[in-house]
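Structural description and commentary
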Amino acid sequence: MIDNMAYMPYNDSEHVRKTMDRFVIEFYESGNGDVPAEEFLLNLDIKMRAKILGIMGILQEKGNQLREPYSKHLEDGIFEIRGKVGTDISRVLYFFYYDGKIIFTNGFVKKTQKTPKSEIDKAKVYRKEYIERCEKNEKV
């Protein structure tokens, strides 16, 4: 019997492009309905919001292949997307979850050289809550 798997078009780039799924962006929502990253984005000025949303679109296409200057791994699976307009610098933190999900947790205007530990810790807490709710099949 012939192994049909040997004839699959593994290196057919057109086939790969058609079957490759894009990443899905979601926003973390707290138990009381707050959506910190979305609220942050809505409070940005129009130019910065456009810049961040553009980078989010690139992230949705590239996923975990996106690197600096657009995205940077901070620590323990927490990443940031990086927006700069003039001298204003904004960051939105996120993590990757199963099935190509990218979960945005929180954002901040950067005022110091280093990303504040409190912002990273907040993203970790949100991630923990998100995962716990997913495991309990609760609304996330």
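Higher on the page you've got the structure.
This section reports on the structure supplied with the text.

**Structural notes on the packing of aromatic side chains**
- This model, assessed by the stated rule, comprises 10 aromatic pairs.
- Where Tyr-94 meets Phe-96, the ring centres are 5.6 Å apart and the plane angle is 80°; that geometry is what we call edge-to-face.
- For Tyr-94, a relative accessible area of 1% puts it in the buried group.
- A ring pair is formed by Tyr-94 and Phe-104, whose centres lie 5.2 Å apart and whose planes are at 45°; its orientation type is tilted. Of this pair, Tyr-94 sits in strand β4 (residues 88-97) while Phe-104 sits in strand β5 (residues 101-109); the two residues are 10 residues apart in sequence, bridging distant segments of the chain. For the pair formed by Tyr-94 and Phe-104, the shared burial category is buried.
- Here the aromatic residues Phe-23, Phe-27, Phe-79, Tyr-94, Phe-96 and Phe-104 are joined through ring pairs into a cluster of three or more.

**Focus on the side chain of Ser-30**
- Within the fold, Ser-30 resides in the loop between β1 (24-27) and α2 (36-42).
- A distance of 2.4 Å separates the side chain of Ser-30 from the side chain of Asn-32, its partner in a polar contact.

**Observations concerning the nonpolar core**
- Core analysis: the largest hydrophobic core is formed by 17 residues, its most contacted members being Ile-52, Leu-59, Ile-81, Val-92, Tyr-94 and Phe-104.
- Of all elements in the fold, only α2, α3 (46-62), β3 (78-85), β4 and β5 reach the threshold of two or more residues within this core.
- Among the elements that make up this core, the one with the highest residue count is α3 (five residues).
- Among all residues touching Leu-59, those that are not within four sequence positions of it are Phe-23, Leu-66, Ile-81, Tyr-94, Phe-96, Ile-102 and Phe-104.
- Tyr-28, Leu-93, Phe-108 and Tyr-130 belong to the second-largest nonpolar core, a separate cluster that totals 11 residues.

**Considering the pattern of salt bridges**
- For the structure shown, the criterion picks out 10 salt bridges.
- In this structure, the salt-bridge partner of Lys-101 is Glu-26, at a minimum N-O distance of 3.8 Å. On the criterion of sequence distance, the pair formed by Lys-101 in strand β5 and Glu-26 in strand β1 is long-range, its members being 75 residues apart.
- Residues joined by salt bridges that share partners form a network here, namely Glu-68, Glu-80, Arg-82 and Arg-91.

Rules and cut-offs
The residue count restarts for each chain, going from 1 along the sequence in the order it is written. Owing to the predicted nature of the model, reporting of local features is limited to residues with pLDDT of at least 70; listing and counting of side-chain atom pairs is limited to 80 or more, with chain, interface and lining totals taken over all residues. Side-chain numbers here rest on the full set of heavy atoms in the structure, without hydrogens or water. Only Phe, Tyr and Trp rings are paired, with Trp represented by its six-membered ring, and only when their centres lie within 6.5 Å; those with planes under 30 degrees apart are stacked, over 60 edge-to-face, the remainder tilted. Think of it in three bands: residues with accessible area under 20% of the maximum for their type are buried, residues over 50% are exposed, and the middle band is partly exposed, with areas taken using a 1.4 Å probe on protein chains only. Each helix is a run of H or I in the DSSP string that is no shorter than four residues. Each strand is a run of E no shorter than two, and both are numbered from the N terminus. N or O atoms within 3.5 Å of each other form a polar contact, as long as, within protein, one can give a hydrogen and the other can take it, and as long as residues adjacent in sequence are counted only when both atoms are side-chain atoms. What we call a nonpolar core is a set of buried Ala, Val, Leu, Ile, Met, Phe, Trp, Tyr and Cys residues that are connected through their side-chain atoms within 4.5 Å. Residues count as neighbours in contact if any of their non-hydrogen atoms are within 4.5 Å of one another. We define a salt bridge as a contact between a side-chain nitrogen of Lys or Arg and a carboxyl oxygen of Asp or Glu at a distance within 4 Å.

Without other data, these values stay purely geometric and don't point to any function.
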